[in-house]
Amino acid sequence: METELRGNGTSISLQNPSLFNSPQTSITGALKGCLGSLDGACIEKLLLHCASALESNDVTLAQQVMWVLNNVASSLGDPNQRLTSWFLRALISRASRVCPTTMNFNGGSIFQRRLMTVTELAGYVDLIPWHRFGFCISNGAIFKAVQGYAKVHILDFSISHCMQWPTLIDALAKRPGGPPSLRITVPCCRPPVPPLVNLSTEEVGHRLANFAKFKDVPFAFHVIEDPYLPSYGEILSKESSAFQLESLLCRLTPSELDLREDEALVINCQNWLRYLSDERKGKTAHDSSLRGTFLDIIRRLNPLIMVVVDEDSDLSSSSLSSRITTCFNYLWIPFDALETFLPKDSSQRLEYESDIGHKIENVISFEGSQRIERLESGANLSQRMKNAGFFSVPFCEETIMEVKSLLDEHAGGWGMKREEDILVLTWKGHNSVFATAWASTTL
């Protein structure tokens, strides 16, 4: 028999009705003092207690801490309560894997993956500058780099379904002397993460081609096909562990990509590198991770410029406690930003937060190859790029001014700062998204 866990708006299905029947009096004094508190430090402490209990198979303590968290969590509350509700769901999901017999949870994924229309996706990326920051900086860097080139070829590794490119196409159309011919090449698969759309990659390319034709920009769109890679529909129907990139990397050769000497080659990585495993395949110094292999392949392609944009946090630790601390203190940012302009019951807000919840579940609930959310900070990525043989390309002042204009359209808490080779989007002074540009040392 199923019951529901409810906490001020939160609703999570469980198969064990007795799970939250633990009396408050059985909770230790330290945890009892947190009951009803909205303080972030206290919530973080509770999450760590729960994680520790799950790692040590202390079912009783895990139940007690979840009982307290349930009284704090609310999917319709303030940012701390809303964030807590998703961490609680993720811990429940993890418990179903750690103690499936004892705790008797339904171990299936707790998220319904909604497919957006292109119009809905446009509203999604415009909601806060989380994606547009990277689009704006990347397009500015690419536009500057390809000046003087009559042909441009972009290899696009991103999760936003080419939403970045209409703005660049429009800018190229207005280029003095006329636009270059533009080719965009994308993989046939993507990580099984939000946002998801209700059209195929080929349909996305067709829409881009129509837009480029309207702007009088010569355009071609190519999909890297591979019979061993899952289709878009198959990715949506499988667990994260089904997403394998080794086969894709084998296709990234000059012949497979149809690279041409008279084209300026551009590599665009938007929220992509995190999904390439950073764990070494072997134990020797010569063994490389999938992430390292990808960068070696890209460097050998000798691109004119490579732009890397991702979230500025480190979620690659093997320690669950470390990931909880980092994730909780990082992902409050979008929850807090949405609080400034959307009602608590806004469907758009709830859907956006649900997508963040998808990430929290993967970071907290899974281990091994199923844990695909493996962010590294901008500083660590910068060092990785240098170690791989790339050198930094500075962003021009015009691009920086464009980003500042973009941020002026959003809430006053958003800002931007430089950290050596990196431009960083901030919320109330806290790093959220970084952007870097690189070139191969073989140039």
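None of the values given here were measured: they were computed from a predicted structure. (Residues numbered from 1 in each chain as written. Predicted model: local features only at pLDDT ≥ 70, side-chain atom pairs only at ≥ 80, totals over all residues. Heavy atoms only, no water.)

1. So, the overall build of the chain
So, step 1. Counting its secondary structure elements, the chain contains 16 helices and 13 strands.
So, step 2. Considering only residue pairs separated by 6 or more positions, the chain has 75% of its internal contacts joining residues 24 or more positions apart.
So, step 3. Looking at the chain as shown, the accessible area adds up to about 18,100 Å², and 50% of this sits on carbon and sulfur atoms. (Helix = DSSP H or I, 4+ residues; strand = E, 2+ residues; numbered from the N terminus. Contact = heavy atoms within 4.5 Å. Areas by Shrake-Rupley, 256 points an atom, 1.4 Å probe, with all protein chains shown as cover.)

2. Quick word on the pattern of salt bridges
So, step 1. According to the stated counting rule, one finds 28 salt bridges in the structure shown.
So, step 2. Of the charged contacts, one joins Arg374 and Asp278 as a salt bridge, the two residues approaching to 3.8 Å between their closest N and O atoms. Linking Arg374 in the loop between α14 (347-365) and α15 (378-387) with Asp278 in the loop between β8 (264-270) and α12 (290-301), this pair joins segments that are 96 residues apart in sequence.
So, step 3. Taking the relative accessible area as the measure of exposure, Asp278 reaches 21% and is therefore partly exposed. (Salt bridge = Lys/Arg side-chain N within 4 Å of Asp/Glu carboxyl O. Buried < 20%, exposed > 50% of the residue type's maximum accessible area, 1.4 Å probe, protein only.)

3. A closer look at the pairing of strand β13 (residues 430-440)
So, step 1. Burial runs high along β13: 10 of the 11 residues are buried.
So, step 2. The pairing of strand β9 (residues 305-311) with β13 spans 6 bridges and is classified as antiparallel. In the sheet register, Asp310 faces β13, and the bridge partner there is Phe434.
So, step 3. Note: strand β10 (residues 390-392) against β13, 3 bridges, orientation antiparallel. The residue of β13 that forms the bridge with Phe390 is Ser440.
So, step 4. Two successive antiparallel strands, strand β12 (residues 422-427) and β13, enclose a turn made up of 2 residues, where Lys428 displays a positive phi of approximately 55 degrees. (Pairing = 2+ DSSP bridges.)

4. Concerning the packing of aromatic side chains
So, step 1. The tally for this structure, following the rule as stated, stands at 7 aromatic pairs.
So, step 2. Both rings, one in Phe87 and one in Phe328, keep their centres 5.5 Å apart while their planes meet at 70 degrees; by these two values the pair is edge-to-face. Of this pair, Phe87 sits in helix α4 (residues 79-98) while Phe328 sits in helix α13 (residues 320-339), and the two are 241 residues apart along the sequence.
So, step 3. The class for Phe87 is buried, based on a relative accessible area of 1%.
So, step 4. For Phe328, a relative accessible area of 4% corresponds to the buried category.
So, step 5. Here the aromatic rings of Trp414 and Trp427 are separated by 4.8 Å at their centres, their planes lie at 55 degrees, and the arrangement is tilted. Of this pair, Trp414 sits in strand β11 (residues 414-419) while Trp427 is found in strand β12, placing the two residues 13 residues apart along the sequence. As far as the burial class goes, Trp414 and Trp427 line up, both buried.
So, step 6. Of the aromatic side chains, those joined through ring pairs into one cluster are Trp130, Tyr330, Trp414 and Trp427. (Phe/Tyr/Trp six-rings, centres within 6.5 Å; stacked < 30°, edge-to-face > 60°.)

5. Points about α15
So, step 1. Along α15, the positions that sit buried rather than exposed are Gly378, Leu381, Ser382 and Met385. Along the long axis of α15, the arc covered by the buried residues comes to 105 degrees, so they all point the same way. Among the exposed residues of α15, those oriented more than 90 degrees off its buried face are Ala379 and Asn387.
So, step 2. Turning to α15, the residues buried within the fold contact α12, β9, β10, β12 and β13. (Arc of directions from axis to C-beta.)

6. Digging into helix α2 (residues 40-55)
The periodicity of an α-helix, 3.6 residues per turn, causes residues three or four places apart in sequence to face the same way.
So, step 1. With 16 residues, α2 extends 22 Å from end C-alpha to end C-alpha; this agrees with the ideal 22 Å at 1.5 Å per step.
So, step 2. In this structure Asp39 caps α2, since a side-chain oxygen of it lies 3.1 Å from the backbone nitrogen of Ala41.
So, step 3. Two residues or fewer past α2, Asn57 is found with a positive phi of approximately 60 degrees. (Expected span 1.5 Å × (residues − 1). Polar contact = N/O pair within 3.5 Å; in protein donor to acceptor, adjacent residues only side chain to side chain.)

7. With respect to the nonpolar core
So, step 1. Ranked by internal contacts, the top residues of the largest apolar core, which has 93 residues, are Phe87, Leu91, Leu182, Ile360, Ile364 and Trp414.
So, step 2. At 10 residues, the largest contribution of residues to this core is made by α13.
So, step 3. When sequence neighbours within four positions are dropped, the list of residues in contact with Trp414 reads Ile128, Pro129, Trp130, Ile333, Ala337, Leu407, Leu425, Thr426, Trp427 and Ser432.
So, step 4. Of all hydrophobic cores here, the second largest spans 30 residues; its members include Leu249, Leu290, Leu301 and Trp438. (Core = buried A, V, L, I, M, F, W, Y, C linked by side-chain atoms within 4.5 Å.)

8. Some remarks on the confidence of the model for the chain
So, step 1. Looking at the chain, the pLDDT average stands at 86 and 82% of residues meet or exceed 70.
So, step 2. Overall, residues 1-26 carries pLDDT values under 50, and its contacts beyond four positions in sequence, including any with other chains, amount to 69 contacts. (pLDDT = per-residue confidence, 0-100.)

9. Re the side chain of Ser74
So, step 1. Mapped onto the secondary structure, Ser74 falls in the loop between α3 (59-72) and α4.
So, step 2. Within polar-contact distance, the side chain of Ser74 engages the backbone nitrogen of Gly77 at 3.1 Å.

10. A short note on the packing of α2 against α13
So, step 1. In contact at an axis separation of 9 Å, α2 and α13 are set at 155 degrees when each is read in the N-to-C sense. Classified by the angle between their axes, α2 and α13 sit roughly antiparallel to one another. Handedness of the crossing formed by α2 with α13: right-handed. Across the interface between the two elements, Gly40, Ile43, Glu44, Leu47, Leu48, Ala51 and Glu55 from α2 touch Leu320, Ser321, Ile324, Thr325, Phe328 and Asn329 from α13.
So, step 2. Looking at the contact of α2 with α13 residue by residue, the classes come out as 7 nonpolar, 4 polar and 2 charged. (Axes fitted to C-alpha atoms, helices over the stretch in contact; angles between N-to-C directions. Parallel < 35°, antiparallel > 145°, perpendicular 65-115°, else oblique. Left-handed = near helix turned anticlockwise from the far one by under 90°. Nonpolar A, V, L, I, M, F, W, Y, C, P; charged D, E, K, R; others polar.)

11. Quick notes on unusual backbone geometry
So, step 1. Each neighbour pair has its own omega, and for Pro194 with Pro195 the value is 0 degrees, a cis peptide bond.
So, step 2. Counting through the fold element by element, Pro195 comes out in the loop between β5 (181-187) and β6 (196-197).
So, step 3. At His161, a position not held by glycine, the phi torsion is positive, near 55 degrees.
So, step 4. One can find His161 in the loop between β4 (151-158) and α8 (165-173).
So, step 5. Even without being glycine, Asn302 reaches a positive phi, approximately 60 degrees.
So, step 6. Take Asn302: it is sitting in the loop between α12 and β9.

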